[in-house]
Amino acid sequence: MGCFECCIKCLGGVPYASLVATILCFSGVALFCGCGHVALTGTMSILETHFSKVTTDHAMLTDVIQLMQYVIYGIASFFFLYGIILLAEGFYTTSAVKELHSEFKTTICGRCISGMFVFLTYILGIAWLGVFGFSAVPVFLFYNMWSTCNAMKSPMANTTVIDSFCVDVRQYGIIPWNATPGKVCGTTLGTVCDSNEFYLSYHLYIVACAGAGATVIALIHYLMILSANWAYLKDASQMHAYQDIKMKEERELQDITSRSKECLNSYT
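Notes on the structure follow. Treat the numbers as computed from the prediction; the structure is a model and nothing was measured.

Parameters at a glance
Residues numbered from 1 in each chain as written. Predicted model: local features only at pLDDT ≥ 70, side-chain atom pairs only at ≥ 80, totals over all residues. Heavy atoms only, no water. Disulfide = S-S within 2.5 Å. Helix = DSSP H or I, 4+ residues; strand = E, 2+ residues; numbered from the N terminus. Buried < 20%, exposed > 50% of the residue type's maximum accessible area, 1.4 Å probe, protein only. Arc of directions from axis to C-beta. Phe/Tyr/Trp six-rings, centres within 6.5 Å; stacked < 30°, edge-to-face > 60°.

### Quick notes on the state of the cysteines
- Counted under the stated rule, the structure contains 2 disulfides.
- Two residues share a disulfide in this structure: Cys-149 and Cys-193, whose sulfurs sit 1.7 Å from each other. Judged by the sign of its S-S torsion, about 55 degrees, the bond between Cys-149 and Cys-193 is right-handed. With Cys-149 in helix H4 (residues 108-153) and Cys-193 in helix H5 (residues 186-194), the pair connects residues that are 44 residues apart, well separated along the chain. Grouping residues by exposure puts Cys-149 and Cys-193 together as buried.
- Described in terms of the sequence order of its bonded cysteines, the disulfide pattern of the protein chain is 1-4, 2-3.
- This cysteine, Cys-25, is not joined by any disulfide, and Cys-33 carries the nearest cysteine sulfur, 10.0 Å off.
- Taking the relative accessible area as the measure of exposure, Cys-25 reaches 1% and is therefore buried.

Now the structure itself:
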């Protein structure tokens, strides 16, 4: 076998669908975790500087944000490992399908593992739908603040009532109602919207939300691949069982034929 034929054979065994899903999953998780982590840090800085200047007022929020950042570390590690495992499973099932009519035989354990991955990916897909919806919440909050700032800076706005433009984050339940000052108005609001922390956090939340959406698409892609592979493995198992039965019947028929010939020859 030449080098070209060997390369073609190797490329034919690559599970391209699983490879695309893995790249999409890694990209989505990386965007969500990286951008989400930095955006949470920026959000905490904005709240401490402008909305809640007393540390005890947002102590619980600080703990929640730190917990979410640790969860992000766990999500990144888990999906890095899970993506590699699903890619390896794709290589395994691709080899099984390629060898459908050869001596390759799938085991019950292999089919059970494939079924387990289908179930686990389905659960993770539902969970990431929730993550995707949750990641849209800060985008909505920052968009409301950005819209208020734009309305305040609009030429149509009355400059004499600029202080009537306010953003109160207490109404969203982010900080308690007794937090000081709890809201920003007028020029202070403009300062917040013009700050680097606000600009960076807003766009990072958008990218993190897009990353969560990409991860959902990747998991749906994985789910379709795993379901198809499980069905292929099941068909391969049934095909091998049929071939075994057929070979047994052919041997029995040959034995009967040979014994009949021997009896006929002895009788003659």
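After presenting the structure, the write-up continues.
### Focus: H5
- Every buried residue of H5 is accounted for by Gly-186, Leu-189, Gly-190, Val-192 and Cys-193. The arc that holds every buried residue of H5, seen down its axis, measures 160 degrees, which confines them to one face. Exposed and facing more than 90 degrees away from the buried side of H5 are Thr-187 and Asp-194.

### Considering the packing of aromatic side chains
- Scanning the entire structure with this criterion turns up 14 aromatic pairs.
- Their ring planes at 25 degrees and their centres at 5.7 Å tell us that Phe-26 and Phe-80 sit as a pair that is stacked. Taken as a pair, Phe-26 in helix H2 (residues 16-51) and Phe-80 in helix H3 (residues 59-98) lie far apart in primary sequence, 54 residues in all.
- An aromatic cluster of three or more residues is present, and its members are Phe-32, Phe-78, Phe-79, Tyr-82, Phe-117 and Trp-128.

### So, the environment of Val-137
- Inspection of the secondary structure puts Val-137 in helix H4.
- Classification of Val-137 by relative accessible area gives partly exposed; the value is 42%.
- When the C-alpha positions of Val-137 and Cys-209 are compared, they lie 9.3 Å apart, and in sequence the two are 72 residues distant.

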